[in-house]
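# Report on the structure
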Amino acid sequence: MKQLVFFEQPLPVTPIMPLEMTCGQNAFWIKRDDLLPFSFGGNKVRKAAEFYKEIKKSGADVVMTYGSNSSNHCRIIANMAAAMELQCHVISPEENREILYNTRMVSQFGASIETCPVNEVAQTIENRKAAFVKEGKKPYFITGGGHGNPGTHSYVRAYDEICAQEAQMGVHFDYIFHASGTGATQAGLVCGQLLREDGARRIVGISIAREKERGREVVRESIESYLGADYEKYYRDDALIFEDAYRCGGYGAYDQQILNVVYRLMCKEGIPVDTTYVGKAFWGMLQYLQEQAVSGRKILFLHTGGTPLFFDKLNIIKNDK
Ligand SMILES: *Cc1c(COP(=O)(O)O)cnc(C)c1O
């Protein structure tokens, strides 16, 4: 296994920039985790930096993970494995096989993709792990989306980074909004807040797929797993805000309103966002602020990446007004 200079160093601090737009007399800033300088960036790079250490410690010779054809996580893990000169094997649901930029890159980085029906994923992963072991290999499996304590930890650190940037900028954000999927990003941010006993803001995860009950429970479980013995001491239920009203029909679905937001961010702010995660969450945030009549606040939106997905939709991104 080859060591990577980039992942041997602390990740660079990502910029927080003000947005031109206003809405309900709120002022907006955006934290550009999409600009993390590895494999088109995004929250999966922060997570990958933690998994890099775990893979190195484990002495594995094959990296396995799970994700769909649109998975940013799979792209980044396949890229990291290629750079580390490690074999990479991706299990992917067969239900949606449209070839997107992320799908193509996973293949180009040399990863093998094994498809199976979505309800056989767990079994397929176990079978493949066993088959690698039987061949005398040492697989390291990363849960889909980089879920798990290393992934959570990466966003505890990102929360600390935000607090340091606030001190430097002389601002305090009343809200942090972001797209919430498997929940590790949200779990990390909330743990960061809980551990600092820093209650004076709301972190709002906008669900891009899951319904409230399950989505919220998965984030809570991640928080419990990460805090361990400190869970009872630090956990507060009101710190976990998971909003499922802006899913627009579920994972990957979008409508003209979301396309309008994507167009506006690109055209008026110079910021590419995709329709599956970041554009949807940004639109959800605007709806939420309106519905809750939030006004005169300082709001930070976390750009979690997904730039290749922006290009998948480039042909249809336009404003209908
Ligand atoms: C994976 C992903 C998310 C969701 O992050 P989770 O930690 O899984 O909740 C949000 N935005 C983008 C662009 C992603 O790729």
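Quick note: structure is the one above.
Below is a summary of the structure that appears in this document. (Residues numbered from 1 in each chain as written. Predicted model: local features only at pLDDT ≥ 70, side-chain atom pairs only at ≥ 80, totals over all residues. Heavy atoms only, no water.)

## Some remarks on the sheet that holds strand 9 (residues 241-243)
Spatially, the six strands line up as an open sheet ordered 1-2-10-7-8-9, and their pairing is mixed. Each of the sheet's edge strands pairs with one partner strand only, and the pair in question is strand 1 (16-23) and strand 9. Strand-to-strand twist across the sheet, computed as the mean angle between neighbouring axes with direction ignored, equals 30 degrees. Across six bridges, strand 2 (residues 26-32) lies against strand 10 (residues 298-303) in parallel orientation. Among the inter-strand pairings, Lys31 is bridged to a residue of strand 10, identified as Leu302. Strands strand 1, strand 2, strand 7 (175-180), strand 8 (202-207), strand 9 and strand 10 of the sheet are contacted by helix 11 (residues 278-291), whose axis makes an angle of about 160 degrees with strand 10. (Pairing = 2+ DSSP bridges. Helix = DSSP H or I, 4+ residues; strand = E, 2+ residues; numbered from the N terminus. Axes fitted to C-alpha atoms, helices over the stretch in contact; angles between N-to-C directions. Contact = heavy atoms within 4.5 Å.)

## What about the nonpolar core?
Phe28, Phe177, Phe282 and Met285 are the most contacted members of the largest nonpolar core, which totals 35 residues. Considering every element that reaches this core, the biggest residue donor is helix 11, with eight residues. The contact partners of Phe177, leaving out residues within four places of it in the chain, are Val204, Ile206, Met285, Tyr288, Leu289, Ile299, Leu300, Phe301 and Leu302. Counting 28 residues, the second-largest nonpolar core is a separate cluster that includes Ile162, Leu189, Leu194 and Tyr235. (Core = buried A, V, L, I, M, F, W, Y, C linked by side-chain atoms within 4.5 Å. Buried < 20%, exposed > 50% of the residue type's maximum accessible area, 1.4 Å probe, protein only.)

## Thoughts on the layout of surface pockets
Volume-wise, the largest pocket comes out at about 980 Å³. Along the walls of the largest pocket sit 41 residues, with Tyr66, Gly144, Thr182, Arg210 and Tyr251 positioned nearest its centre. Among the elements of the structure, helix 2 (43-58), helix 3 (72-83), helix 5 (121-134), strand 7, helix 7 (184-195) and helix 8 (212-227) are those that each provide at least two residues to the lining of the largest pocket. Class assignment for the residues of the lining of the largest pocket results in 14 nonpolar, 22 polar and five charged. (1 Å grid on protein atoms, 1.4 Å probe; cavity = no way out; pocket = protein on both sides within 12 Å on 5 of 7 lines; lining within 4 Å. Points joined across faces, edges and corners; volume = space filled by probe spheres on them. Nonpolar A, V, L, I, M, F, W, Y, C, P; charged D, E, K, R; others polar.)

## Overview of the environment of Asn102
Within the secondary structure, Asn102 is located in helix 4 (residues 101-108). On the basis of relative accessible area, Asn102 is assigned to the buried category, the value being 0%. C-alpha separation for the pair Asn102 and Asn72, spaced 30 residues apart in sequence, amounts to 6.5 Å. Setting aside residues no more than four positions away along its own chain, Asn102 makes contact with Asn69, Ser70, Ser71, Asn72, Arg75, Pro308 and Leu309.

## Digging into the packing of aromatic side chains
Summed over the entire model, instances satisfying the criterion amount to 12 aromatic pairs. Centroid distance Tyr231 to Tyr235: 4.9 Å. Interplanar angle 20 degrees. Geometry classified as stacked. Overall, Tyr235 belongs to the buried group, its relative accessible area being 16%. Judged by centre distance (5.9 Å) and plane angle (75 degrees), the rings of Tyr251 and Tyr277 are edge-to-face. Taken together, the residues span a long stretch of sequence, with Tyr251 in the loop between strand 9 and helix 10 (256-269) and Tyr277 in the loop between helix 10 and helix 11 at a distance of 26 residues. (Phe/Tyr/Trp six-rings, centres within 6.5 Å; stacked < 30°, edge-to-face > 60°.)

## Concerning the side chain of Arg220
Checked against the element boundaries, Arg220 lands in helix 8. Taking the relative accessible area as the measure of exposure, Arg220 reaches 18% and is therefore buried. Excluding anything up to four places from it in sequence, Arg220 contacts Tyr231, Tyr235 and Leu240.

## Some thoughts on the packing of helix 10 against helix 11
Axis angle and axis distance: for two packed helices, these are the angle between their axes and the distance between the axes, and together they describe the pair. Interhelical geometry of helix 10 versus helix 11 gives an angle of 100 degrees and a closest axis separation of 9 Å. Regarding the angle of helix 10 to helix 11, the classification is roughly perpendicular. Counting all contacts with helix 10, which are made through Gln257, Ile258, Val261, Val262, Arg264 and Leu265, the residues of helix 11 involved are Gly279, Lys280, Phe282, Trp283, Leu286 and Gln287. Taken together, the residues of the contact of helix 10 with helix 11 break down into seven nonpolar, three polar and two charged. (Parallel < 35°, antiparallel > 145°, perpendicular 65-115°, else oblique.)

## A look at the environment of Cys163
Examined against the element boundaries, Cys163 turns out to sit in helix 6 (residues 149-169). Separated by 107 residues in the primary sequence, Cys163 and Lys56 have C-alpha atoms spaced 30 Å apart. Residues in contact with Cys163, not counting those within four places in the same chain, are Arg196, Asp198 and Arg201.

## Remarks on the state of the cysteines
Enumeration according to the criterion identifies zero disulfides in this entry. There is no disulfide at Cys248, and the cysteine sulfur nearest it, in Cys23, is 18 Å away. Classification of Cys248 by relative accessible area gives partly exposed; the value is 25%. We note that Cys267 lacks a disulfide partner, and the nearest cysteine sulfur, in Cys23, lies 18 Å from it. (Disulfide = S-S within 2.5 Å.)

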